[in-house]
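The lines below spell out each chain.
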Amino acid sequence: ALAAVLVGSHFVGRQNAIERMLGKQLKLPARAWHTLNFGWACGFFIAGVLNLVVAYNFSEQFWVNYKLIGGFAITLIYLIITYAYLAAGGHLVEPDVADKARNTAP
C-alpha cells in the first residue's frame, strides 16, 4: 500500500510524497526527488513481499522475530542506501559551505 501511495503521488500534484515530507529539510533537484520516491516505493514493495513470504511459509514465532528484527534491518539498509545516493550526488553539502569552498579554492 505504501509503495502504491508513493508511485501514485508521482502522478498527482506538483510534488511527490517524499518531497512533500522532506522538502523543507532538503533542497534537491526534481530528478533526485523522483529517484528517492521510486527507490522508497521499490523498498516498501520488497518489504511487503518479504513479509508475505515469511508470514505464509514460516512459523508465527519466526514471523514475529522477522517483523521485529528484519523490519528494522530493512529500514536501516534503505536509509544507508538513501544516504549514499545523496552523498554521491553531492546533495548533502549545505549551499553556504559549498559556496565558501568554491570561493576559497586556489
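What you see is a predicted model; the values in this text were computed from it and never measured.

What counts, and where the lines are drawn
- Residues numbered from 1 in each chain as written.
- Predicted model: local features only at pLDDT ≥ 70, side-chain atom pairs only at ≥ 80, totals over all residues.
- Heavy atoms only, no water.
- Helix = DSSP H or I, 4+ residues; strand = E, 2+ residues; numbered from the N terminus.
- Buried < 20%, exposed > 50% of the residue type's maximum accessible area, 1.4 Å probe, protein only.
- Polar contact = N/O pair within 3.5 Å; in protein donor to acceptor, adjacent residues only side chain to side chain.
- Contact = heavy atoms within 4.5 Å.
- Axes fitted to C-alpha atoms, helices over the stretch in contact; angles between N-to-C directions.
- Parallel < 35°, antiparallel > 145°, perpendicular 65-115°, else oblique.
- Left-handed = near helix turned anticlockwise from the far one by under 90°.
- Nonpolar A, V, L, I, M, F, W, Y, C, P; charged D, E, K, R; others polar.
- Patch = residues over 30% accessible without salt bridge, like charges linked within 9 Å, V, L, I, M, F, W, Y side chains within 5 Å.
- Areas by Shrake-Rupley, 256 points an atom, 1.4 Å probe, with all protein chains shown as cover.
- Salt bridge = Lys/Arg side-chain N within 4 Å of Asp/Glu carboxyl O.

Thoughts on the side chain of asparagine 37
Argument step 1. If you trace the backbone, asparagine 37 turns up in helix 3 (residues 30–57).
Argument step 2. Judged by its relative accessible area of 0%, asparagine 37 falls in the buried class.
Argument step 3. At 2.8 Å, the side chain of asparagine 37 forms a polar contact with the backbone oxygen of leucine 6.
Argument step 4. What asparagine 37 contacts, discounting residues up to four positions off in sequence, is Leu6, Val7, Ser9, His10, Asn16, Ala17 and Ile18.

Description of the packing of helix 3 against helix 4 (residues 60–88)
Argument step 1. Contact geometry for helix 3 and helix 4: axes closest at 11 Å, N-to-C directions at 165°. Viewed along their axes, helix 3 and helix 4 adopt a mutual orientation that is roughly antiparallel. Taken as a pair, helix 3 and helix 4 cross one another with a handedness that is right-handed.
Argument step 2. Of the residues belonging to the contact of helix 3 with helix 4, the class tally is 17 nonpolar, four polar and two charged.

Considerations on a nonpolar patch on the surface
Argument step 1. Residues Phe45, Ile46, Val49, Leu50, Val53, Phe58 and Phe62 make up a contiguous nonpolar surface patch of roughly 630 Å² in combined accessible area.
Argument step 2. With five residues, the single largest contributor to the nonpolar patch is helix 3.
Argument step 3. Secondary-structure assignment places phenylalanine 58 in the loop between helix 3 and helix 4.
Argument step 4. Taking the relative accessible area as the measure of exposure, phenylalanine 58 reaches 45% and is therefore partly exposed.

Some remarks on the side chain of serine 9
Argument step 1. Of note, serine 9 is situated in helix 1 (residues 2–11).
Argument step 2. Accessibility expressed as a relative area gives 8% for serine 9, which makes it buried.
Argument step 3. Those residues in contact with serine 9 that sit more than four places away from it in its chain are Gln15, Asn16, Ala17, Arg20 and Asn37.

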